[in-house]
Amino acid sequence: MTDEVTEKIVRIIADQAMVEPGQIKPETTLDDLGLDSLGLVEVVFSIEEEFDISVPYNANEPNDSEFDISNVAAISAAVKQLIAEKG
Amino acid sequence: MRRVVVTGLGVVSALGIGRDRHFEGLRDGRVGIGPLTRISLENLSITIGAQVPDYDETEHFSRSQLTLYDRVTQLATLAGREAVAQSGIEIDEALATRTAVVMGSSLGGMTTIDNNYKLTYGEGKTRVHPFLVPRLMANAPASHLSMEHGAKGPNWTVSTACSSGNHAIGQAFHLIRSGGADAALCGGAEAALVWGTLKAWEGLRVMSKTACRPFSKTRDGMVQGEGAAVLVIEELERAKARGATILGEICGFGMTSDAGDIVTPSQADAARAIRDAMADAKMGAEEVGYINAHGTATTINDRTEAGAIRNVLGEHAARVPVSSTKSMHAHCIGAAGAIEAAAVLMALSEGVIPPTASHEEEDPEIGLDVVPNTAREATVHAALSNSFAFGGLNAVLAFRRFTG
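Basis of the calculations
- Along every chain, residues carry numbers that run from 1 in the direction the sequence is written.
- Think of it this way: whatever chain is written first is A, whatever ligand is written first is 1, and the rest follow in order.
- Reporting of local features is limited, given that this is a predicted model, to residues whose pLDDT is at least 70; pairs of side-chain atoms are given and counted only at 80 or more, and all residues count toward the totals for whole chains, interfaces and linings.
- Each side-chain value is worked out from all heavy atoms of the structure, with water and hydrogens disregarded.
- Start and end positions for the domains come from either an automated domain assignment or a database one.
- The criterion used for residue contact is that any of the two residues' heavy atoms lie within 4.5 Å.
- Note on definitions: buried area is the accessible-area loss of two parts on being combined, 1.4 Å probe, summed for both.
- Only one rule defines a salt bridge in this text: a Lys or Arg side-chain nitrogen within 4 Å of an Asp or Glu carboxyl oxygen.
- Under this definition, polar contacts are N or O atom pairs within 3.5 Å; protein pairs additionally need one hydrogen-donor-capable and one acceptor-capable atom, and for neighbouring residues in sequence, both atoms have to be side-chain atoms.
- Strands are runs of DSSP state E lasting at least 2 residues, helices are runs of H or I lasting at least 4, and numbering of each runs from the N terminus.
- Only protein chains enter the accessibility calculation, which uses a 1.4 Å probe. A residue is then buried if its area is under 20% of the maximum for its type, exposed if over 50%, and partly exposed in between.
- In this tally Asp and Glu are treated as negative and Lys and Arg as positive; neither His nor the chain ends contributes.
- Only residues whose relative accessible area exceeds 30% and that form no salt bridge enter a patch; like-charged residues are grouped when within 9 Å of one another, and nonpolar side chains (Val, Leu, Ile, Met, Phe, Trp, Tyr) when within 5 Å.
- Here, Shrake-Rupley sampling with a 1.4 Å probe gives the accessible areas, and only protein chains in the shown set may cover a residue.
- What counts as an axis is a line fitted to C-alpha atoms, over the stretch in contact for a helix, and the angles between N-to-C directions run from 0 to 180 degrees.
- In what follows, roughly perpendicular refers to angles from 65 to 115 degrees, roughly parallel to angles under 35, roughly antiparallel to angles over 145, and oblique to any angle outside these ranges.
- Crossings are assigned a handedness: left-handed for a near helix turned anticlockwise from the far helix by less than a right angle, right-handed for a clockwise turn.
- Throughout this description, the term nonpolar core refers to a set of buried Ala, Val, Leu, Ile, Met, Phe, Trp, Tyr and Cys residues connected via side-chain atoms within 4.5 Å.
- Between 30 and 60 degrees the pair is tilted, below 30 it is stacked and above 60 it is edge-to-face, where a pair is any two Phe, Tyr or Trp rings, Trp via its six-membered ring, whose centres lie within 6.5 Å.
- Per residue, pLDDT captures the predictor's confidence, and it can take any value from 0 to 100.
- Here, a strand pair is defined by DSSP locating no fewer than two bridges between the strands.

Before going further, it helps to spend a moment on the domain arrangement of chain B. Residue and element names in this part refer to chain B. Domain annotation for chain B reports domain 1 (4-241) and domain 2 (252-400). Domain 1 and domain 2 are separated by 21 Å when their C-alpha centres are compared. Contacts between the two partners involve 61 residues from domain 1, matched on the other side by 62 residues from domain 2. For the pair domain 1 and domain 2, the summed buried surface comes to about 4,700 Å²; carbon and sulfur atoms form 68% of the total. At the junction of domain 1 and domain 2, the tally comes to five salt bridges. Counting the contacts that link domain 1 with domain 2 gives 23 residue pairs in polar contact (both at pLDDT 80 or more).

Let's shift gears to unusual backbone geometry. Residues and elements named next belong to chain B. For asparagine 43, which is not a glycine, the phi torsion comes out positive at approximately 60 degrees. If you trace the backbone, asparagine 43 turns up in the loop between strand E3 (34-35) and strand E4 (48-49). With phi around 45 degrees, alanine 259 is a residue other than glycine that occupies positive phi space.

All names here are of chain B. Secondary-structure assignment places aspartate 258 in the loop between strand E9 (248-257) and helix H11 (267-280). Comment: no salt bridge for buried aspartate 258; closest opposite-charge side chain is arginine 272, at 6.2 Å. A polar side-chain atom of aspartate 258 sits 2.8 Å from a polar atom in the side chain of asparagine 394. Residues within four places of aspartate 258 in sequence aside, it is in contact with Thr264, Pro265, Ser266, Asp269, Ala270, Gly392 and Asn394.

What follows deals with a nonpolar patch on the surface. All names here are of chain B. On the surface, a nonpolar cluster with roughly 340 Å² of combined accessible area is contributed by Leu204, Ile262, Val263 and Phe390. Here phenylalanine 390 shows up in the loop between strand E14 (382-389) and strand E15 (393-400). Among the residues examined, phenylalanine 390 registers a relative accessible area of 31% and is labelled partly exposed.

Residue and element names in this part refer to chain B. The geometry of helix H3 (residues 71-87) relative to helix H7 (residues 140-149) is characterised by a closest axis approach of 9 Å and an angle of 40 degrees between their N-to-C directions. When the axis of H3 is compared with that of H7, the two are oblique. Read as a crossing pair, H3 and H7 show a hand that is right-handed. For the pair H3 and H7, the contacting residues are Val72, Thr73, Ala76, Thr77, Gly80, Arg81 and Val84 in the first and Ala140, Pro141, His144, Leu145, Glu148 and His149 in the second.

In this structure, Ile13(A), Ile47(A), Ile75(A) and Val79(A) are the most contacted members of the largest nonpolar core, which totals 58 residues. Residues in contact with Val79(A), not counting those within four places in the same chain, are Val5(A), Ile9(A), Ile47(A), Phe51(A), Ile53(A) and Phe67(A). Counting 48 residues, the second largest nonpolar core, distinct from the first, contains Val4(B), Ala184(B), Met346(B) and Val352(B).

The next subject is the interface of chain B and chain A. Listed as interface residues are nine residues of chain B and, on the opposing side, 11 residues of chain A. Of the roughly 910 Å² buried where chain B meets chain A, counting both sides, 55% is carbon and sulfur surface. Viewed at the interface, chain A and chain B are joined by five salt bridges. The partner of Glu48(A) in a salt bridge is Arg127(B), and the shortest N-O contact between them spans 3.4 Å. Taken together, chain B and chain A are joined by six residue pairs in polar contact (both at pLDDT 80 or more).

Before going further, it helps to examine the packing of aromatic side chains. Any aromatic ring pair is given by two values, namely how distant the centres are and how the planes are angled relative to each other. Residue and element names in this part refer to chain B. One pass over the structure, following the stated rule, counts three aromatic pairs over all chains. Measuring from ring centre to ring centre gives 5.4 Å for phenylalanine 61 and tyrosine 69, while their planes differ by 70 degrees; the resulting arrangement is edge-to-face. Look at phenylalanine 61 and you get buried, because its relative accessible area is 5%. When its relative accessible area of 6% is taken as the criterion, tyrosine 69 is described as buried.

This part is about the confidence of the model for chain B. For chain B, per-residue confidence averages 97 on the pLDDT scale, and residues scoring 70 or more make up 100% of the total. Mean pLDDT per element in chain B: helix H2 (residues 63-68) of chain B is the minimum at 94, and strand E8 (residues 227-235) of chain B is the maximum at 99.

Another aspect to go through is the pattern of salt bridges. All names here are of chain B. If you walk through the whole model with that rule in mind, you get 32 salt bridges over all chains. Here arginine 3 and glutamate 249 are joined by a salt bridge, their closest N and O atoms 2.8 Å apart. A residue pair is termed long-range when its members are at least 10 positions apart, and arginine 3 in the segment before strand E1 (4-13) and glutamate 249 in strand E9 qualify at 246 residues. Its relative accessible area of 33% is what places arginine 3 among the partly exposed residues.

Turning our attention to the pairing of E8(B). Residue and element names in this part refer to chain B. Among the nine residues in E8, nine count as buried, and that is most of the element. Looking at chain direction, strand E7 (residues 183-190) and E8 are connected through eight bridges and run antiparallel. Within E8, the position partnered with alanine 189 by the bridge is alanine 228.

It is worth spelling out the pairing of strand E5 (residues 99-104) of chain B at this point. All names here are of chain B. E5 sits mainly inside the fold: six of its six residues count as buried. Alternating residues of E5 divide into Thr99, Val101 and Met103 and Ala100, Val102 and Gly104, and every residue in both groups is buried. The pairing of E5 with E7 spans six bridges and is classified as parallel. The partner of methionine 103 across the bridge, within E7, is glycine 187. The pairing of E5 with strand E6 (residues 155-158) spans four bridges and is parallel. Opposite glycine 104, over in E6, you have valine 158 as the bridge partner.

Turning our attention to the environment of Pro321(B). All names here are of chain B. Turning to its location among the elements, proline 321 is positioned in the loop between helix H12 (299-313) and strand E11 (322-323). When the C-alpha positions of proline 321 and valine 370 are compared, they lie 5.9 Å apart, and in sequence the two are 49 residues distant. Proline 321 has contacts with Gly289, Tyr290, Ile291, Ile353, Asp369, Val371 and Arg376, leaving out every residue within four places of it along the chain.

Written out as structure tokens, the structure reads:
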């Protein structure tokens, strides 16, 4: 996890979960970090602000939305995809 | 009939953070009004207000709380903590569902609304923070009070402009008296010293650019303030059983509507609210030892209110001290009634009648003892607190000193 996008995402998640970025691994899930639904919404907001993208995340059905939040690696891949689509 | 007493009080106002600072300001006749320092004054003709001084939110709240707490919730929470601590009430499992929260707020999370209108309408920002809704909703202060103290009984928020605080306390009093709850956190909170609100008030052309001088012939309008006050009130027997210190008793509540004009008050209906509160408390005119006036320092309010008081109290009116503490903490709108209940509780429990500060010249149309500029020591056995709101909504509370 050395690329810039991932680093920024890790920083956002770490900040929200109040842990050190070093504690976050690609396979870390947001549950592992104890982020509740409101915390997750804040993470999505911070990602949108950071990368100026619009994340298709629906808080009603977090696991069924188009945006994969299963772990940090999945979030990073999805964000890179959104950045690429933006052009 | 169940009796209802006050066992805890918390206040945050321009006179300071905490009940002691607030009382000290009232006793000294200290004016908490000054230049507004927290907002841009660009294109505003109103540049004064009554801000909570020396307030750093990070001293009182965690980062995750601040994400969810508008300033109005912060002030209410601080007042709630102080009130609960003073009362010594323990809201255990049995009491939780019997403890209500009733708060007044006219405008709710106005800082959140104002900042984000500016960002979106003004600056074209397309994305907003996810928690604006729970921050700005008017019931946020009441909900956070319930969460912090585990109060699981009835919980609601009253929005009746300048009468919100009195309506909230009065309804909580009714609820306990009628057996719907045994204890309540009640009061009001307002934190609307933001550009948009001040611009709107500017439009009404009722604002003073210099000071709030209620009942003074030289008055030139009202001044906006911010703050919160929370009272812990309880059914008398349970308060006595646990050995609580009783600050005063709430004995009566009167509420009426002018059904007339949206802004111009009606003397007859204000008088009716005062009379109803006194009748509810079985309080005679000669018993009233202090009135905390609505006293906004607009000519129409002050004369209408003075007329209503003279009308109800008759020849006794001239002998009753009547003060407007808005002269010091300004008009805190939805928190006004609650912050002014604090002044009444000070008079009842400490024997100090707060003055009407900034009083310069007697207005012969008033004809009352307005306690000009200097507090007065007196044993006050019974007191009234008036609130008369835009929309013609009148709410008057009647209190007595607790003597057993």
